[in-house]
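Residues per chain, in single letters:
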Amino acid sequence: MPTFINRLAELTVKHLRGELSEEEDNELKEGINKSEEDRLLFQRMTNEDWLKSSLGEMAGIDIETPWQTILSSGVIVPRKIHWWQNPAFYKAAAMFILISGIAIFMYTLNPFKSNTTAKTENPDPDKIAPDPHRRGQLITAGNKPISLGSAADGVVAVLPGAQVELQGKHLTVKKTQPTVDTAYNTLIAERGGNYQITLTDGTTVWLNAESSIRFPTSFAANERKVEISGEVYFEVSKDQSRPFKVKVRDLTVEVLGTYFNIEAHDKMPSIKTTLLEGSVKVIQGDKNKILQPGQVLVVTADGKFTVKQTNLIKVTAWKGELFDFRNDSLTTILSELGRWYNMEIVYKSDVSKVLRSGSFSRNRQVQDVLNKLSIPAGFDIKRDTIIIK
């Protein structure tokens, strides 16, 4: 049986429980980053809704059975399958155990499982669950706003020498002529929305809710420069002759070709730059810092630079339509929920020192997520407002 599948099961359950040591965390990151398949598998395994549907398709497992009982009972064989005749059995069985174990954790061992119920007052369905429609705007260089929520797939904007095509929530800027037009356009992912855009140089950018990117129709000959707000993830196309520069407030992040995430929402007191692959230089005035993969640079409002190791899975969970909280304060968590569900947060008690962990699909109802977080004094939902008691 493949040994990494077994180890992945153990590490993933520990990850969900917030019990990974630094050494185990590094082992997990190294293991799942060896291939895109392993990384996507891990994202699925920590998605509660995906686990539900997977278990429903599998044979004969009681999710109320404790994890240790499953492990001690030996390999679980799906009905009507003669495992000794199937060379793929070992991998399938290991995967079955992995899914079962994680599901059991999420539904029976979750330390924040709660019976809390909330009163709702005339909830607006569009505000309680993420809007199934796209929430965003494209503002062209001519200051023409295009509502993406009502736009049909296909060409949504014709620019000098280029056109913008929309497919779902993915925009692509394609050159139609060799002319260079450096006029800037702006893509906005509104509260409750998220978008992806591929620029003319091949760079792909993901925008989280309440984020934006200002980009030229085509890049200049000597550099590629964009401006952002909110939280944005980049996979920069390599071009040694044209460095890629990201402007965010008074910082500039400079790269040649790499993967990185920037978090800089307006109400945040700091800017966080996290490097996944390659190298970036963060510049503020006469100060600069070069990051290595796995590091996050936190720049505070007073200009203090702090570099530390971080968990890359947590940082990029939003790209996979997941919330990933690990000993985060409830105020931090609620701010993220507010942006995604397009809701205001009102506090009647101080929960800033209350820490919570958990991994949830961002397509869940907000009330369901809040119930699982176990708010100490409970909460109410009144239309587009979450009230923390």
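Note that the coordinates shown come from a computational prediction; the quantities given were computed from them, not determined experimentally.

Q: When you look at the overall build of the chain in this model, what are you seeing that I'm missing?
A: The helix and strand tally for the chain stands at 10 helices and 24 strands. If you take every contact in the chain between residues at least 6 apart in sequence, the share linking residues at least 24 apart comes to 52%.

Q: How should helix α9 (residues 330–341) be read in this particular structure?
A: Its 12 residues give α9 an end-to-end C-alpha distance of 16 Å, which sits within 8% of 16 Å, the value for a rise of 1.5 Å per residue. Those residues of α9 not exposed but buried are Leu330, Ile333, Leu334, Leu337, Gly338, Arg339, Trp340 and Tyr341. Downstream of α9 by a residue or two, Asn342 has a phi angle that is positive, lying close to 60°.

Q: Mind showing me how you'd approach the nonpolar core here?
A: Side chains of a nonpolar character, in soluble globular proteins, are inclined to be buried together. Grouped together as the largest cluster of nonpolar side chains are 43 residues, with contacts concentrated most on Leu171, Phe234, Phe260 and Ile262. Top contributing element to this core by residue count: strand β11 (residues 224–235), with four residues. Beyond its immediate stretch of four places on either side in the chain, Ile262 contacts Ile228, Gly230, Glu231, Val232, Phe234, Val246, Val248, Val253, Ile271, Lys272 and Thr273. With 22 residues, the next largest nonpolar core counts Leu334, Val354, Phe379 and Ile388 among its residues.

Q: Would you take a moment to explain unusual backbone geometry for this structure?
A: When glycine is set aside, most residues are seen to have a negative phi, and most peptide bonds are trans. Backbone geometry at Glu210 places phi at a positive 55°, although glycine is not the residue there. Position of Glu210 relative to the elements: it lies in the loop between β9 (204–207) and β10 (211–216). On the basis of relative accessible area, Glu210 is assigned to the partly exposed category, the value being 35%. Backbone geometry places Ser374, a non-glycine residue, at a positive phi of 55°. Among the structural elements, Ser374 can be located in the loop between α10 (366–373) and β23 (379–382).

Q: Would you take a moment to explain the pairing of strand β20 (residues 322–329) for this structure?
A: Consecutive residues of a regular strand have side chains that alternate between opposite faces of the sheet. The buried count for β20 comes to seven of eight residues, which makes it a mostly enclosed element. Alignment of β20 against strand β22 (residues 355–361), held across six bridges, turns out to be antiparallel. Opposite Phe325, over in β22, you have Gly358 as the bridge partner.

Q: What exactly am I supposed to notice about the pairing of strand β24 (residues 385–388) here?
A: The alternating pattern of β24 places Thr385 and Ile387 and Ile386 and Ile388 on opposite faces, both of which are buried. Where strand β21 (residues 344–347) meets β24, four bridges bridge the pair, whose relative direction is parallel. By the bridge assignment, Val346 is partnered in β24 with Ile387. Examined bridge by bridge, β23 and β24 share four bridges and lie antiparallel to one another. Each residue of the ladder has a partner; that of Ile381, found in β24, is Ile386. Counting the residues between successive antiparallel strands, the hairpin from β23 to β24 contains two residues, one of them, Arg383, with a positive phi of roughly 55°.

Q: What am I meant to see in the pattern of salt bridges here?
A: Two side chains carrying opposite charge are able to pair once their charged atoms lie near each other. Evaluated as defined, the whole model comprises 12 salt bridges. A salt bridge links Arg242 to Asp239, with the shortest nitrogen-to-oxygen separation between them at 2.9 Å. A residue is classified by how much of its surface remains accessible, and Asp239, at 18% relative accessible area, is buried. Between Asp324 and Arg326 there is a salt bridge, with its nearest N and O atoms 3.0 Å apart. In this structure Arg326 comes out as buried when scored by relative accessible area, which is 19%.

Q: Can you help me understand the side chain of Arg135 in this one?
A: Along the chain, Arg135 falls in the loop between α7 (125–128) and β2 (136–139). Residue class for Arg135 comes out buried when judged on its relative accessible area of 10%. Within the local environment of Arg135, its side chain forms a polar contact with the backbone oxygen of Arg191, the two atoms lying 3.5 Å apart.

Q: Explain the confidence of the model for the chain to me, please; I cannot follow it from the model alone.
A: Regions with low pLDDT should not have their predicted coordinates read in detail. Mean pLDDT over the chain stands at 79; residues scoring 70 or higher make up 72%. Ignoring residues within four places in sequence, the model shows residues 52–93, a span with pLDDT below 50, making 44 contacts including any to other chains. Across residues 106–117, confidence stays below pLDDT 50; counting only partners more than four residues off in sequence or on other chains, it has 30 contacts.

Scoring rules and cut-offs
Residues numbered from 1 in each chain as written. Predicted model: local features only at pLDDT ≥ 70, side-chain atom pairs only at ≥ 80, totals over all residues. Heavy atoms only, no water. Helix = DSSP H or I, 4+ residues; strand = E, 2+ residues; numbered from the N terminus. Contact = heavy atoms within 4.5 Å. Expected span 1.5 Å × (residues − 1). Buried < 20%, exposed > 50% of the residue type's maximum accessible area, 1.4 Å probe, protein only. Core = buried A, V, L, I, M, F, W, Y, C linked by side-chain atoms within 4.5 Å. Pairing = 2+ DSSP bridges. Salt bridge = Lys/Arg side-chain N within 4 Å of Asp/Glu carboxyl O. Polar contact = N/O pair within 3.5 Å; in protein donor to acceptor, adjacent residues only side chain to side chain. pLDDT = per-residue confidence, 0-100.

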